[in-house]
Amino acid sequence: MFKRHRRLRVNKNMRNLVRDVYLDADDLVYPLFIEEGTDIKSEIPSMPGIYRYSVDRLKEELDEVQSLGIKTLLLFGIPKHKDNTASEAYNEHGIVQEAVRYIKKEYPDFLVITDVCNCEYTDHGHCGILDENGYVLNDVTLELLGKTAVSHAKAGADIIAPSDMMDGRIEKIREELDKNGFENIPVMSYAVKFSSAFYGPFRDAADSAPKFGDRKSYQMDYRAEFDVLSEACEDIKQGADMIIVKPALAYLDLIAKIKRECNVPIVAYSVSGEYSMVKAAAQNGWIDEKGVVMEKIYAMKRAGAGIIITYYAKDIAEWLREEKK
Ligand code: PBG
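This structure is a prediction, so every number in the text was calculated from the model and none was measured.

**Quick look at the overall build of the chain**
- The helix and strand tally for the chain stands at 11 helices and 10 strands.
- Here the C-alpha radius of gyration of the chain, 20 Å, is about what a compact globule of 325 residues would show, namely 20 Å.
- Along the first, second and third principal axes, the C-alpha set of the chain runs to 70 × 45 × 40 Å.
- When contacts within the chain are restricted to residue pairs at least 6 apart in sequence, those whose partners lie at least 24 apart make up 73%.

**Here's the deal with the packing of helix 4 (residues 138-155) against helix 5 (residues 169-179)**
- Where helix 4 contacts helix 5, the axes come no closer than 9 Å and their chain directions differ by 45 degrees. As judged from the angle between their axes, helix 4 and helix 5 are oblique. Handedness of the crossing formed by helix 4 with helix 5: right-handed. On helix 5, the residues that touch Leu142, Leu145, Gly146, Ala149, Val150 and Ala153 of helix 4 are Arg169, Lys172, Ile173, Glu176 and Leu177.
- Of the residues contributing to the contact of helix 4 with helix 5, the split by class is 7 nonpolar, 1 polar and 3 charged.

**Considering the pairing of strand 10 (residues 307-310)**
- Side chains Ile307 and Ile309 project from strand 10 onto one buried face, and the interleaved Ile308 and Thr310 project onto a second face that is buried too.
- When strand 1 (residues 28-35) meets strand 10, the two strands line up parallel, connected through 2 bridges. Bridge assignment links Val29 to a residue of strand 10, and that residue is Ile309.
- Bridge count between strand 9 (residues 266-270) and strand 10: 4 bridges; the pairing is parallel. Paired with Val267 across the strands is Ile307, a residue of strand 10.

**Overview of the packing of helix 8 (residues 252-261) against helix 10 (residues 289-303)**
- At their nearest, the axes of helix 8 and helix 10 sit 8 Å apart, and the two run at 30 degrees to each other. Between helix 8 and helix 10, the angle is such that the two are roughly parallel. Residues Leu252, Ile255 and Ala256 of helix 8 pack against Ala299, Met300 and Ala303 of helix 10.
- Each residue belonging to the contact of helix 8 with helix 10 can be placed in one class, and the counts come to 6 nonpolar, no polar and no charged.

**Some remarks on helix 4**
- Between the first and last C-alpha of helix 4 there are 26 Å, a value that for 18 residues agrees with the 26 Å anticipated at 1.5 Å per step.
- Along its buried surface, helix 4 packs onto helix 3 (95-106), strand 5 (111-116), strand 6 (159-162) and helix 5.
- Following helix 4 by one or two positions, Gly156 has its phi on the positive side, about 120 degrees.

**Focus: the site of the ligand**
- Near the ligand the following residues occur: Asp115, Cys117, Cys119, Cys127, Ser163, Tyr199, Phe202, Arg203, Ser208, Arg215, Val271 and Ser272.
- Here the shell around the ligand is built from residues that sort into 6 nonpolar, 3 polar and 3 charged.

**A short note on the environment of Tyr22**
- By the secondary structure assignment, Tyr22 is in the loop between helix 1 (12-18) and strand 1.
- Spatially, the C-alpha atoms of Tyr22 and Lys301 are 7.5 Å apart, while their sequence positions differ by 279 residues.

**So, the UniProt feature "binding site: 5-aminolevulinate 1" (unreviewed entry) in the chain**
- As recorded in UniProt, the sites labelled "binding site: 5-aminolevulinate 1" (unreviewed entry) are Arg203 and Arg215.
- Judged by the 16 C-beta atoms lying within 10 Å of it, Arg203 is partly exposed.
- Contact partners of Arg203, with chain neighbours within four places excluded, come to Ser208 and Ala209.
- Tracing the backbone shows Arg215 in the loop between helix 6 (200-206) and helix 7 (226-238).

**A look at the nonpolar core**
- Core analysis: the biggest nonpolar cluster contains 94 residues, and Ile34, Leu75, Ile160, Ile243, Val245, Ile255 and Val267 have the highest contact counts within it.
- Per-element tally for this core: the top contributor is helix 4, with 7 residues.
- Setting aside residues up to four positions removed in sequence, Val245 forms contacts with Val192, Tyr251, Leu254, Ile255, Ile258, Ile266, Ala268 and Tyr269.

**Focus on unusual backbone geometry**
- Omega for the peptide link from Lys246 to Pro247 comes to -10 degrees, which places this bond in the cis form.
- With respect to the helices and strands, Pro247 occurs in the loop between strand 8 (242-246) and helix 8.
- At Asp39, a residue that is not glycine, the phi angle is positive and equals roughly 55 degrees.
- Inspection of the secondary structure assignment puts Asp39 in the loop between strand 1 and strand 2 (41-43).

**Thoughts on helix 3**
- Helix length check: helix 3, at 12 residues, gives a terminal C-alpha distance of 16 Å against a target of 16 Å (1.5 Å per residue), a fit within 8%.
- Those residues of helix 3 lying buried are Ile95, Val96, Gln97, Ala99, Val100 and Ile103.
- Each element contacted by the buried residues of helix 3 is listed here: strand 1, helix 2 (58-67), strand 4 (72-78), strand 5 and helix 4.

**Overview of the pairing of strand 5**
- In terms of burial, strand 5 is largely enclosed, as 5 of its 6 residues are buried.
- Note that strand 4 and strand 5 share 4 bridges and pair parallel. Each bridged residue has a counterpart across the sheet, and for Leu75 the counterpart in strand 5 is Thr114.
- Running through helix 3, the crossover from strand 4 to the neighbouring parallel element strand 5 is right-handed.
- With 4 bridges joining them, strand 5 and strand 6 adopt parallel strand pairing. Each bridged residue has a counterpart across the sheet, and for Ile113 the counterpart in strand 6 is Ile159.
- Running through helix 4, the crossover from strand 5 to the neighbouring parallel element strand 6 is right-handed.

Definitions and cut-offs
Residues numbered from 1 in each chain as written. Predicted model: local features only at pLDDT ≥ 70, side-chain atom pairs only at ≥ 80, totals over all residues. Helix = DSSP H or I, 4+ residues; strand = E, 2+ residues; numbered from the N terminus. Rg over C-alpha atoms; globule rule 2.2 N^0.38 Å. Contact = placed C-beta atoms within 7 Å. Axes fitted to C-alpha atoms, helices over the stretch in contact; angles between N-to-C directions. Parallel < 35°, antiparallel > 145°, perpendicular 65-115°, else oblique. Left-handed = near helix turned anticlockwise from the far one by under 90°. Nonpolar A, V, L, I, M, F, W, Y, C, P; charged D, E, K, R; others polar. Buried ≥ 20, exposed ≤ 12 C-beta atoms within 10 Å, placed from the backbone. Pairing = 2+ DSSP bridges. Expected span 1.5 Å × (residues − 1). Near = placed C-beta within 6 Å. UniProt positions renumbered as here; feature names shortened; annotations may be inferred. Core = buried A, V, L, I, M, F, W, Y, C linked by C-beta atoms within 7 Å. Right-handed = clockwise from strand over helix to strand, strands pointing away.

Right, dumping it as structure tokens:
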């Protein structure tokens, strides 16, 4: 006797009854690019539908995001001034700090995550301070990250997300946050972050491409699987409350692996290149956009990610709502 799998697929209500992977607007994090200046709403050419906003124009975007039931934002800043010490990253009145203040004042219900890194703030585009050979100095950079994290928390950030990939940054940031009275602010670590070609469109969006070389001396090598649990466990040991795997789509095996080994919420970051690939194919009429997006986001959940950072968050929230009807 063979098994009749099709019994449980017979109609929509049956399929909805037996399914065991869930996705909800609560799980979604929507990234926002915020540019210093006024009256800015400019579309990112390689990411159709995604815009850079100045703080004074954020309202139109935030109203929509809120009405769709999305609760969590991830902020990236694009400063006017860049230098070799990333001074705008930890300026109390820098672009991210001002954006956080605005959002927490006007929309106190949003959970605001801030990306802590230096690449958008350095004139050379690397994630830290360089030595004379162009090597990113680890321990010197930690000082800047600590200052940046505290300035974000002071502005009102709810969660701090360091993405620089320096060693020891979670310990340093945790220590600085605690010292300044922010012991209740969680750290969401980009613990498993690969040196990836999938970040291409983001670097246009955030104007953060390195002016020379690449990020291979600090971001992970996708051929080095031994490093994965080592990075994740180390960050948890140093105090990370949540772990990001980034990119997501090509790394579902690692999400599953970390899910088995670590007892923290796992975040999948479906990065800019993942968005642009789907968007471009959809605009050409080559694929069904909703179908492909939902299939891949459910795959991230099935792999073990509870939280999904995606540029498709607004569309997904809308599609989930339609399905409920
Ligand atoms: C900052 C940072 C990057 C991304 C998130 N934070 C770029 C990078 O590491 O080069 C990429 C996000 C995306 O591609 O959507 N370091």
